[in-house]
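Each chain, written out:
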Amino acid sequence: MTLADLRLRDFAPVSMMTGRATRVTRPAAPIVDVHNHLGRRLNGVWRAPDPDALVALMDAAQVATIVNLDGEWTEELEANLDRYDRRFPGRFVTFARLDWSDTKTPGWGERMGASLTDSVRRGAGGLKLWKDIGLRVRDERDELIFLDDERLEPLWDALAETGVPALIHTADPVAFFQPLDSRNERVEELLRHPDWHFYGPEFPPLQRLMDALDAVVANHPRVRFIGAHVGCLAENLDWVEQMLDRYPNYCVDLAARVAELGRQPRRTRALIERHPDRVLLGTDCAPPEAADYELYLRFLQSSDEAFPYSSEEPPPTGRWTISGLGLPDDLAARVEGDNARAFIPALAAGSSDG
């Protein structure tokens, strides 16, 4: 085969860089993973098949608590609470979801608020809202529903009254909203997952989704909000920082964005230094493995440069490496667990050192 015949899918360059490789296994504080999926919402199969084995892994990795974002509602919520929260007190906090198939008849906003209140009464520690709001979910007029829809006011009222946070994933990486062509940095990933591509007249622009998130956080200061995946805009930390500057009721998690943050380590560290109490560790690795937590600890605590963020070949996000932040122990402790324990009431009430 000549070089002219080399296909992109077969291109697997090996880095010639030589650098320090620090293995970080000890967190600066017991870990809280605020973004994980342990339920059976996608295919009816539990994402963590053996809860006892998961707790043993948590003990070994010094993970105090995992937030399970797959609680659903009513009977399925009860099943998640029984399997995790009630069986292992303090080790899991399950967040509820909402039944978005129930938006074809008027009054759905009130029903959403009532559902959240019922879920908290059952034991849910928060609410997970996903990107189908704004991209997929439609109302009785077959129009897209956005987070800033006034009909959702009963939901925000219920969140304010119960005091539980809403963790919101409202958008995906910027490249997912761009044309799928030779200039798209995530082209390999999107070819593997064409349903992640949101470019075209049937989808709103990314800015519309971010504006809706901004409006909801601004208009509901009594509600605790967590912006998933670095506020859903890890490529633009100026935007993320502006929201953190304006809204004391807003935090962000790091879940599944180490690849983005690790190629801008100085800017990422500056964001954490400016808002040391507002960044939370999450992994989105379901079920998690010890190596997942070691990667996050290496990223946060070490000053290593140009190391892989994944063992997959090619790397899932893009063909680049990342560098560590080198956070001091006090900042690392906040991100790795202390901030979550302060921001999420259920964690403060049932905290465990694992």
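This text follows the structure it describes.
Residues numbered from 1 in each chain as written. Predicted model: local features only at pLDDT ≥ 70, side-chain atom pairs only at ≥ 80, totals over all residues. Heavy atoms only, no water.

What to know about the sheet that holds strand β7 (residues 250-253)
In a beta sheet, neighbouring strands pair by backbone hydrogen bonds and run either parallel or antiparallel. In spatial order, the strands read β1-β2-β3-β4-β5-β6-β7-β8; together these eight strands make up an open sheet with parallel pairing. In this open sheet, the two edge strands, each paired with only one partner strand, are β1 (31-36) and β8 (279-280). Two elements, strand β6 (residues 225-227) and β7, share three bridges in a ladder whose sense is parallel. For Phe225, the partnering residue across the bridge sits in β7 and is Tyr250. Across the face of the sheet, helix α5 (residues 153-162) comes into contact with β4 (126-129), β5 (166-168) and β6 while running at roughly 150° to β4. (Pairing = 2+ DSSP bridges. Helix = DSSP H or I, 4+ residues; strand = E, 2+ residues; numbered from the N terminus. Contact = heavy atoms within 4.5 Å. Axes fitted to C-alpha atoms, helices over the stretch in contact; angles between N-to-C directions.)

What to know about the state of the cysteines
The final tally for this structure, using the stated rule, is zero disulfides. No disulfide involves Cys232; its sulfur sits 14 Å from the nearest other cysteine sulfur, which is in Cys251. Cysteine Cys285 shares no disulfide, and the gap to the nearest cysteine sulfur, in Cys232, comes to 17 Å. (Disulfide = S-S within 2.5 Å.)

Observations concerning the packing of aromatic side chains
In the structure shown here, the tally under the stated rule is eight aromatic pairs. Ring centres of Tyr84 and Phe92 lie 5.1 Å apart, and the angle between their planes is 50°; on these two criteria the pair is classed as tilted. For Tyr84, a relative accessible area of 0% puts it in the buried group. Residue Phe92 is classed as buried on the basis of its relative accessible area, which comes to 3%. Pairing Tyr309 with Trp320 gives two aromatic rings, centres 6.5 Å apart and planes at 40°, and the pair type is tilted. Placement of the pair is Tyr309 in the loop between α12 (290-301) and α13 (329-343) and Trp320 in the loop between α12 and α13, with a sequence separation of eleven residues. Like Tyr309, the residue Trp320 is buried in the burial classification. When the ring centre of Phe146 is taken as origin, the NZ or CZ atom of Arg208, which lies over that ring, is 4.1 Å away. (Phe/Tyr/Trp six-rings, centres within 6.5 Å; stacked < 30°, edge-to-face > 60°. Buried < 20%, exposed > 50% of the residue type's maximum accessible area, 1.4 Å probe, protein only. Lys NZ or Arg CZ within 6 Å of the ring centre and 35° of its normal.)

Topic: the pattern of salt bridges
Enumeration according to the criterion identifies 38 salt bridges in this entry. The partner of Arg20 in a salt bridge is Asp304, with the nearest N and O atoms 3.3 Å apart. Of this pair, Arg20 sits in the segment before β1 while Asp304 sits in the loop between α12 and α13, and the two are 284 residues apart along the sequence. On the accessibility criterion, Arg20 (54% relative accessible area) is exposed. Linking Asp70 and Arg97 is a salt bridge whose minimum nitrogen-to-oxygen distance equals 3.3 Å. (Salt bridge = Lys/Arg side-chain N within 4 Å of Asp/Glu carboxyl O.)

What about the layout of surface pockets?
Computed from the structure, the largest pocket encloses a volume of approximately 1600 Å³. If you go around the largest pocket, you meet 49 residues; those closest to its centre are Trp196, Ala256, Thr283, Asp284 and Cys285. Contributions of two or more residues to the lining of the largest pocket are made by α4 (132-135), α6 (187-192), α10 (258-261) and α12. Looking at the lining of the largest pocket, the element that brings in the most residues is α12, giving six residues. Residue composition of the lining of the largest pocket, by class: 19 nonpolar, ten polar and 20 charged. A volume near 470 Å³ is recorded for the second largest pocket. In terms of lining residues, the second largest pocket is bounded by 21 residues, among which Pro13, Val14, Ser15, Pro308 and Thr321 are the most central. When the residues that make up the lining of the second largest pocket are grouped by side-chain class, the tally is eleven nonpolar, four polar and six charged. (1 Å grid on protein atoms, 1.4 Å probe; cavity = no way out; pocket = protein on both sides within 12 Å on 5 of 7 lines; lining within 4 Å. Points joined across faces, edges and corners; volume = space filled by probe spheres on them. Nonpolar A, V, L, I, M, F, W, Y, C, P; charged D, E, K, R; others polar.)

A look at the side chain of Thr94
Topologically, Thr94 is positioned in strand β3 (residues 92-96). Classification of Thr94 by relative accessible area gives buried; the value is 0%. A distance of 2.6 Å separates the side chain of Thr94 from the side chain of Asp85, its partner in a polar contact. Contacts of Thr94, omitting those with residues within four sequence positions, involve Asn68, Gly71, Leu77, Asn80, Leu81, Asp85, Ala124, Gly125 and Gly126. (Polar contact = N/O pair within 3.5 Å; in protein donor to acceptor, adjacent residues only side chain to side chain.)

Structural notes on the packing of helix α7 (residues 206-219) against helix α9 (residues 237-246)
At a minimum axis separation of 11 Å, α7 and α9 run at an interaxial angle of 15°. As judged from the angle between their axes, α7 and α9 are roughly parallel. The interaxial crossing formed by α7 with α9 has right-handed handedness. For the pair α7 and α9, contact is made by Gln207, Met210, Asp211, Leu213, Asp214 and Val217 and by Trp239, Met243 and Arg246, respectively. Here the residues of the contact of α7 with α9 sort into five nonpolar, one polar and three charged. (Parallel < 35°, antiparallel > 145°, perpendicular 65-115°, else oblique. Left-handed = near helix turned anticlockwise from the far one by under 90°.)

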